[in-house]
Each structure stands twice: as C-alpha cells, then as structure tokens.
Amino acid sequence: MNTQDLIIKYAIGFPKRYSRQQKNTFINEIGKDFQACGYRVNGAAAKKKGGVSMNLHVGDVGHAKTLIVVNYDTPQHNYGNPMKYYPFNGPSTFASSFLPIYAPTILGALITLWLVVSFIPKLDFQTNLLYSVFIVAILMIVMVGSFIMTKGVANKTNFNRNTSGVVAALKLAEELEDNQRNQVAFVLTDNGCTNHNGDYMLREALPKTIDERLVIMLDCVGNGSEFVIGYKEDTKKEAADLATCFKNKPKRKLCNKEELRYTSFSFYKKGLLISKGNFIKEELVVENTSTSKDIVCDVDSIDEVVKAIKKYI
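First, a word on scope: everything that follows refers to the structure included in this document. Per chain, the residues get numbers from 1 upward, laid out in the order the sequence is written. Thresholds applied to this predicted model are a pLDDT of at least 70 for local features of residues and 80 or more for the giving and counting of side-chain atom pairs; totals over whole chains, interfaces and linings are not thresholded and use all residues. Each side-chain value is worked out from all heavy atoms of the structure, with water and hydrogens disregarded.

**Thoughts on the packing of aromatic side chains**
For any pair of aromatic rings, the description consists of the separation of the ring centres together with the inter-plane angle of the planes. Note the cut-off: The pairing test for Phe, Tyr and Trp rings, Trp by its six-membered ring, is centres within 6.5 Å, and the orientation test on the planes gives stacked under 30 degrees, edge-to-face over 60, and tilted for anything in between. Secondary structure elements are taken from DSSP: a helix is a run of H or I of four residues or more, a strand is a run of E of two residues or more, and numbering for both begins at the N terminus. Buried, partly exposed and exposed residues are distinguished by accessible area as a fraction of the type maximum, computed with a 1.4 Å probe on protein chains only: under 20%, between the cut-offs, and over 50%, respectively. Only Lys NZ and Arg CZ are tested; either one counts as a charge over a ring when it is within 6 Å of the ring centre and within 35 degrees of the ring normal.
This structure, assessed with the given rule, holds ten aromatic pairs. For the pair Phe-34 and Phe-186, a centre-to-centre distance of 5.9 Å together with 40 degrees between the ring planes defines the contact as tilted. Remark: Phe-186 occurs in strand β4 (residues 184-189) and Phe-34 occurs in helix α2 (residues 20-36); sequence separation between them is 152 residues. As far as the burial class goes, Phe-34 and Phe-186 line up, both buried. Joined through ring pairs, the aromatic side chains of Tyr-10, Phe-14, Phe-26 and Tyr-72 make up one cluster. The lysine or arginine in question, Lys-232, covers the ring of Phe-265, its NZ or CZ lying 4.8 Å from the ring centre. Stacked on the ring of Phe-279, the Lys or Arg Lys-251 has its end atom at 4.2 Å from the ring centre.

In structure tokens form, the structure reads like this:
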C-alpha cells in the first residue's frame, strides 16, 4: 500500500482514537497491516489511572537494538483559542492548551454562579412548579455539559497528530530489508495526548534495558516547513548521524529535563524525537492540532522520514 493510501485509510477511515472502543478498533486493523508485512504483533494491556491502556508491540521488542515509538491516540477537541503544540516543550504546550481545555469549565462556573445568585432564591416548587423545574434543569445541563466538554470530546480530524507518525511507522516497517528487521521493533503507545500511560507501560515492560535502547519517536511529521530532531546528552552523535540521512538536513535540538516535562519523550534516556512544524520565536510549533483544521498529512514528508530512518539503520 502506498503512503497516500495509508493516509486515507487511517486519517479518514480511523480518524478518532480517543475512546477505548475507537482505540481497540484501530489496534485490530493496524495490527493486521503489520502482520501482512511479516511482523509478529502483540497487544500489551494494563489497567492504569484513567482506565485500561493498550500498547501494540510489533517485532522483537524485547531484543531489538532500535525501537520506533509512536503515540497512536488522538487528542480531545479544544474549545476557545486553538492551542499550539510544542513537541519539544511540554510546559509551553500545557500553557497553550489550558484555556482551550478548561474554557467550558470556566464558562460553566460563571453561568452556574449567575443562576444560583439570580434564580435559586426565587424557586418555589409549590406555587411555581414549572418555573422551578426549568431553572433546576438549566442548572444541571450547564454543570453536566461543562464537565463533559472539559473531560473531553474526541477531535474529529487528526491527520498530523499523530496519524502522520503512525503512517510513517507502518510504511517504514513495510520497507525495511530482512537484515534491518532483526534490529528494529515498533511500539505504538497509548495516551500520548493525555497521561502517557503507554510510555509508563513500555518502561515497565523493559525495566532493565529501556535506557540502553535507542528510541526513535515520530510525533507530528506530516505538516510544517521544517523537520527538527530532538536529542538528549546520550544521543548527540545519533542525532547528527540521522540528520545527514535526510534530503534536507534538519535542525537539531538538545532537549533539557525542564523542557521535556509532560512529554512522552521524557521517558526515554537514549532517545531521538523527529517532528515537523513551523518556528515561532525560535521554538518549533505544530499548529491546528486538536481542531477541525488538522487536515494535512503530506506524502513527501512521510516518505522523507521513512527514507532517512531506513538509511540510518
């Protein structure tokens, strides 16, 4: 299957991977595609905070020299000002997403306060039943509605975050030579957009070796003007070597511990993170995620990532 077909299949056929049922449907389907490429596939489930999480292990995860790690879940729809996603700066992402995520709660609290102050003292179920029931119903609708909207409604379109990473991983798996497949395994991790349960699970699955493995993460690689390779102190050489494998040599960024708070990348000591976006005030930003405007997943970008990693391996 070519890259364009994979984008159509997973960005349009499986656009939402937010609820457990949506994720399970996706895992079942993409697991079949990995199997069709000749890989052994296993699901790894665990009950974590927030419910059951599931990772997909592809290939010999226990012994592979290099792990390609991709968050497969999709984010909730954000209300208010569209958030900006900073792949290499968790605190900036948190600050940008606070108002869009919590706008329903803030607005709901203000409306609730107004209803309580203005109308609750006037309730009289004996002499004015319909009026009283109506006010209570409105109050309940506001409270429950704001809670549901804050807890999360699945974003409907997610071409870049992170369908682009999923497609790149699947395409890379398809194109690796037999000798390369012995060195590489893939892990699709759950809850990368929320509490990073999938990253916790991967560390727990490989407690003695995860810090020794080279982990290459693919996060939002389908849209933007520039690729960036994030690296840590332990992977400076690997980042430089990987950069030379791209058609247009990407920038490299040394990521410190403070910047990586609230990110999946923080879980992997010997890690590289490939992402693509636009620079705003010297920081790489991925725009339009968690909105209806996340509709771009560029074929050439995906193919460039795949060719670069294949060449590097």
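**Focus on helix α3 (residues 90-118)**
Test applied: The span one expects for a helix is its residue count, reduced by one, times 1.5 Å. Polar contacts here mean pairs of N or O atoms no more than 3.5 Å apart (in protein, one a potential hydrogen donor and the other a potential acceptor; neighbouring residues in sequence count only if both atoms are side-chain atoms).
Here α3 is 29 residues long and its end C-alpha atoms lie 41 Å apart, about the 42 Å a rise of 1.5 Å per residue gives. For α3, the full list of buried residues reads Gly-90, Ser-92, Thr-93, Ser-97, Pro-100, Ile-101, Pro-104, Gly-108, Thr-112 and Leu-115. Structurally, the start of α3 carries an N-cap: the backbone nitrogen of Ser-92 is 3.1 Å from a side-chain oxygen of Asn-89.

**Here's the deal with the side chain of Lys-9**
Cut-off, in case you're wondering: By definition, residues are in contact when any of their heavy atoms lie within 4.5 Å.
By the element assignment, Lys-9 lies in helix α1 (residues 3-12). Judged by its relative accessible area of 19%, Lys-9 falls in the buried class. Residue contacts for Lys-9: discarding those within four places in its chain leaves Met-1, Phe-14, Glu-29 and Asp-33.

**Some details on the packing of α1 against helix α9 (residues 299-312)**
Put simply, the test is: Axis lines are fitted through C-alpha atoms, for helices just across the contact stretch, and the angle between N-to-C directions can take any value from 0 to 180 degrees. Each angle gets one of four labels, with under 35 degrees taken as roughly parallel, over 145 as roughly antiparallel, 65 to 115 as roughly perpendicular, and the rest as oblique. By definition, turning the near helix anticlockwise from the far helix through less than a right angle yields a left-handed crossing, and turning it clockwise yields a right-handed one.
Running from amino to carboxyl end, α1 crosses α9 at an angle of 110 degrees, the nearest separation of the two axes being 9 Å. Here α1 is positioned roughly perpendicular relative to α9, judged by the angle of their axes. In the crossing of α1 with α9, the sense of the turn from one axis to the other is right-handed. Counting all contacts with α1, which are made through Thr-3, Gln-4 and Ile-7, the residues of α9 involved are Val-299, Ile-302 and Asp-303.

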